[in-house]
Structure formats: C-alpha cells, structure tokens
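Each chain, written out:
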Amino acid sequence: MNNKLINSPREIWIDWLRVIACFMVFVVHSTEPFYLGGEGSLILTEGDAFWSSFFDTFVRSCVPLFIIASSYLQFPIHYSTGEFFKRRALRILVPFAIWTVVYACVWGEPAENFKNLLLNFNYSSGHLWFVYMLIGVYLLMPLLSPWAEKVGKKELQAYLGIWLFTTLIPLFRDWFSGFSTTVIYGPSGLPRQALFPLWGEASWNAYGTFYYMSGFIGYLLLGLYFRRFVGELSWKKTLAISIPCYLAGFAVAFIGFLGRVYETADGTFPVGGLVEKAVWWETTWINDTIGVALMAIAWILIIRKIKCEGRFYKNVLLPVSKASYGIYLMHLLLLVPICGLFRSKLGLGTEGLLGFWTTPVQILGAATVGFICTAIVAVIIHKIPKIGKYIV
C-alpha cells in the first residue's frame, strides 16, 4: 500500500473483492475438467457444454479484478522505485518462489521442471502464469506514475476508450480469419492461435498500432479511474450501469464459447480433440476481451457498495483476504484431488448420481470445499510468527 493510503481507513470493499475473486478462481478451475481432458479438450455431453460455459463465463473476470484492486491501492506509486520493488519482491516474489519449488517437486518430473523454470513456469501448475503477468504490470507502474498523478478525467477516459476497442481485437481476428482453428507451436509445445494481421501487423512484425495499448494495462488504468473519478454511487445508479454491462459481457463470453463448441460438435457429443480446440473455444474468455472487461466493470461497481465490517468481516473475511495471494498460489494442490473426489462419488454428466444437476453440483461443491480447505490452511500459515507472511 502506498504512503498516501497508509493513514487512510482500510478499504473494506477491497477485502471483499479479494475473497470473492479468490472463490471465482476456484470455480474457474473446478469447471475446467468438464471441457479439458482426453487429448487436450473433451466435453462429454451437451449439458456439460452448457454448464461449462455458464459457470466459467459467470466468474471469468476474477483475474482482472485482482489487477484492478492492486491498481486501486498502489497506482500511482508515491515512493521511490527502489522501495516499491523491494516491497513487491518481499510480498510477491518470495511466496511465488516457495510455491514454484513445491509444484516442481510434487507434479511431473522434478529435474525437468527445474530445468524449464529457467525459461517459464511449470506447465503442470498453469495458474502461475498470473504472477509473471503481475510482475510485468508492476514494472510499468513507476514508469506511468508521473502521468497518472496528473491525468485528467477526460484524458483517462480517452485512453480507456482506446483500450476497450483493443478488447475487440481477438474477436476481429476470429471473424476475419473465418473462425480458423489453425495454431502455431512455440518452444513449449503449447498451442497459440495464429494471428490474423491487423493495423500494421505482418508475418515479420507483431508490433501493430494497438500492441502497447492492449492487455492488462487497461485494468491498471481502470483501477486508477475508479479511485480518482468514480465517487460514491447510489444503488439505483450502480445497478443501472452494472446490470447492462454484466449482461452484455456475459452474453458475448457465454454465447461465444458455447457457439464454438456446438460448431465443433456438429450435433454430436462427446466432442473433443487436441488442446488447440479448447484454446479456440475460449476465444471470448480471454482476459482482455470485451465480454470479460464489461463483466469486470460490473463486478467492481457492485462490490464497491459492500461496507460490511462486523464480526464476520473481522474474524473470517479479513484473515482470508490477507492470505488471498497464498490461497491463489497453493490452491491447485488441494482443489485437484477434491475435484477428483467429487467426480468419483457423483459420476459423470447426465448419467451421474444427480442426473442433469450432477455437473453443476460437482463444480460448485468442489469449488466451495476446495476454497474453504485452502483458506483454512493459508490463514494458519499466515499466522506463523515471522515467516508466515513470506509464505502466503
């Protein structure tokens, strides 16, 4: 937290946002087994296709919410760049290094994992991509802070407008390429959809007009905008803005995923293939696409209205909020076996124990149990004198 905010009252809604966003992450990863599997992508039934699209779309803004919260509290920075990076290193890099080692030892071949860590994260613990992105955002904060201190409302709105336009670019690429699922493979062997060149891009140049204005930088600006220029709104005005934003964003992401699945299935389930198909299905779920951005704005508007700070907040939610980074880092270690347990007990799809409701109960049940168990472990670790905060 920057010096300007040290003596300010605690932002209660930020604690609620962290915990809500953490639970949303659990829902996302509890949904993945229902469309990822087999050779890479696999949806067993039409019901699984619907529930996968519904639940994952509903909570898809979880990662942007973390960036907006971080920006709201820390951007622009009000102390030296060296001090900023020192604080971030202790709070972000040390826990990240610890849990990276844990995953490297637990999943896959440790020797190969440690070798690959020189270049990237362990792909068995894919959620750690978030930390690399977060570090990139932090590297930009000192550079942009002098401008952020002076920027006016209309100027910031203009830049946010440009950024919102860039959230349409993944959809433009999809449309103009004829919904091609052609992919290219990098050194990791993981697929990346080939880019349809736009506005200065070409096979020899990836740095088009909007290259530097796209991505998570927009959520950094959104956090700044909410703190500087969005005052206290009435519930009437909050709902008048947030509900249309959320419904529009949800429609884009939900219909986009489900439509691609149906196109692939051509009326027949199960449907699957290599992981490149799932990559294509997820086109409208990309974090910097318009649907996810609109839902993130709606979530922020709603969560900002939460002012509850009674016993539940002080005794339960606040400790969980303080350990939220650790919860994110460690959660797959507990969630994966919990998802497997639910699947083994309830069965699969419409032939499962609860019929049509088997899949949603599995998703919500695994997410809830996984979140509670991981939160308890993280809070206990956080309370360890002297070293707990460096682990979570």
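See above for the structure.
Note that the structure is predicted; figures quoted are calculated from it, not measured.

Looking now at the overall build of the protein chain. Along the protein chain, the regular secondary structure elements total 17 helices and four strands. In terms of overall size, the protein chain behaves like a compact globule, its C-alpha atoms giving a radius of gyration of 21 Å where 392 residues would be expected to give roughly 21 Å. Referenced to the eigenvectors of the C-alpha coordinate spread, the extents of the protein chain come out at roughly 60 × 50 × 50 Å. Here the protein chain holds 392 residues, and the buried ones make up 49% of them. Pairs at least 24 residues apart make up 81% of the contacts formed inside the protein chain by residues separated by at least 6 positions. Here the protein chain has roughly 18,600 Å² of accessible surface; of this, 67% comes from carbon and sulfur atoms. Here the protein chain contributes 31 positively and 22 negatively charged side chains, and the mean placements of these two sets differ by 16 Å.

Following Phe 75, the chain continues into Pro 76 via a peptide bond in cis, with omega recorded as 0°. Mapped onto the secondary structure, Pro 76 falls in the loop between helix 4 (62–74) and helix 5 (81–106). Not every positive phi belongs to a glycine, and Lys 386 is a case in point at roughly 70°. Within the element layout of this structure, Lys 386 appears in the loop between helix 16 (358–382) and helix 17 (388–391).

Moving on, we come to the packing of helix 15 (residues 324–346) against helix 16. Running from amino to carboxyl end, helix 15 crosses helix 16 at an angle of 145°, the nearest separation of the two axes being 8 Å. Along this stretch, helix 15 crosses helix 16, giving a crossing that reads as right-handed. Residue composition of the contact of helix 15 with helix 16, by class: 17 nonpolar, six polar and one charged.

Further remarks concern helix 10 (residues 217–229). Between the first and last C-alpha of helix 10 there are 18 Å, a value that for 13 residues agrees with the 18 Å anticipated at 1.5 Å per step. Of all 13 residues that make up helix 10, ten are buried, and the element is covered over most of its length. For helix 10, the complete set of buried residues consists of Ile 217, Gly 218, Tyr 219, Leu 220, Leu 221, Leu 222, Gly 223, Leu 224, Tyr 225 and Phe 226. Residues of helix 10 that are buried make contact with helix 4, helix 7 (129–150), helix 8 (153–166) and helix 13 (290–303).

In this structure the tally under the stated criterion is one cavity of 30 Å³ or more. Along the walls of the largest cavity sit Glu 232, Leu 233, Thr 238, Leu 301, Arg 304 and Lys 305, which together make up its complete lining. Among the residues forming the lining of the largest cavity, the class breakdown is two nonpolar, one polar and three charged.

Applying the stated criterion across every chain, the model contains 49 aromatic pairs. With a centroid separation of 5.0 Å and 85° between ring planes, the pair formed by Trp 13 and Tyr 72 is classed as edge-to-face. Taken together, the residues Trp 13 in helix 2 (residues 12–31) and Tyr 72 in helix 4 connect sequence positions 59 residues apart. There is no split in this pair, since Trp 13 and Tyr 72 are both buried. In this arrangement the basic side chain of Arg 87 is found over the ring face of Tyr 79, its NZ or CZ atom lying 4.4 Å from the centre. Seen from the ring of Trp 280, Arg 260 lies directly overhead, with NZ or CZ sitting 5.8 Å from the centre.

In this structure, Gln 74 sits in helix 4. The class of Gln 74 is buried, set by a relative accessible area of 6%.

Let us look at the pattern of salt bridges. One pass over the structure, following the stated rule, counts seven salt bridges. The closest approach of N and O atoms between Asp 15 and Arg 10, which form a salt bridge, is 2.7 Å. Arg 18 is paired through a salt bridge with Asp 15; the nearest N and O atoms lie 3.4 Å apart. Here the residue Arg 18 and the residue Asp 15 both occupy positions in helix 2, the gap between them amounting to three residues, near one helical turn. It is possible to trace a salt-bridge network through shared partners that takes in Arg 10, Asp 15 and Arg 18.

Turning next to the state of the cysteines. Overall, the coordinates contain zero disulfides when judged by the stated rule. Just so you know, Cys 62 is unpaired, no disulfide at all, and the nearest cysteine sulfur is the one on Cys 22, 9.3 Å from it. In this structure Cys 373 is a free cysteine whose sulfur lies 12 Å from that of Cys 339, the closest cysteine sulfur available.

Conventions and cut-offs
- Residues numbered from 1 in each chain as written.
- Predicted model: local features only at pLDDT ≥ 70, side-chain atom pairs only at ≥ 80, totals over all residues.
- Heavy atoms only, no water.
- Helix = DSSP H or I, 4+ residues; strand = E, 2+ residues; numbered from the N terminus.
- Rg over C-alpha atoms; globule rule 2.2 N^0.38 Å.
- Buried < 20%, exposed > 50% of the residue type's maximum accessible area, 1.4 Å probe, protein only.
- Contact = heavy atoms within 4.5 Å.
- Areas by Shrake-Rupley, 256 points an atom, 1.4 Å probe, with all protein chains shown as cover.
- Lys, Arg positive; Asp, Glu negative; His and termini not counted.
- Charge placed at Lys NZ, Arg CZ, Asp CG, Glu CD.
- Axes fitted to C-alpha atoms, helices over the stretch in contact; angles between N-to-C directions.
- Left-handed = near helix turned anticlockwise from the far one by under 90°.
- Nonpolar A, V, L, I, M, F, W, Y, C, P; charged D, E, K, R; others polar.
- Expected span 1.5 Å × (residues − 1).
- 1 Å grid on protein atoms, 1.4 Å probe; cavity = no way out; pocket = protein on both sides within 12 Å on 5 of 7 lines; lining within 4 Å.
- Points joined across faces, edges and corners; volume = space filled by probe spheres on them.
- Phe/Tyr/Trp six-rings, centres within 6.5 Å; stacked < 30°, edge-to-face > 60°.
- Lys NZ or Arg CZ within 6 Å of the ring centre and 35° of its normal.
- Salt bridge = Lys/Arg side-chain N within 4 Å of Asp/Glu carboxyl O.
- Disulfide = S-S within 2.5 Å.

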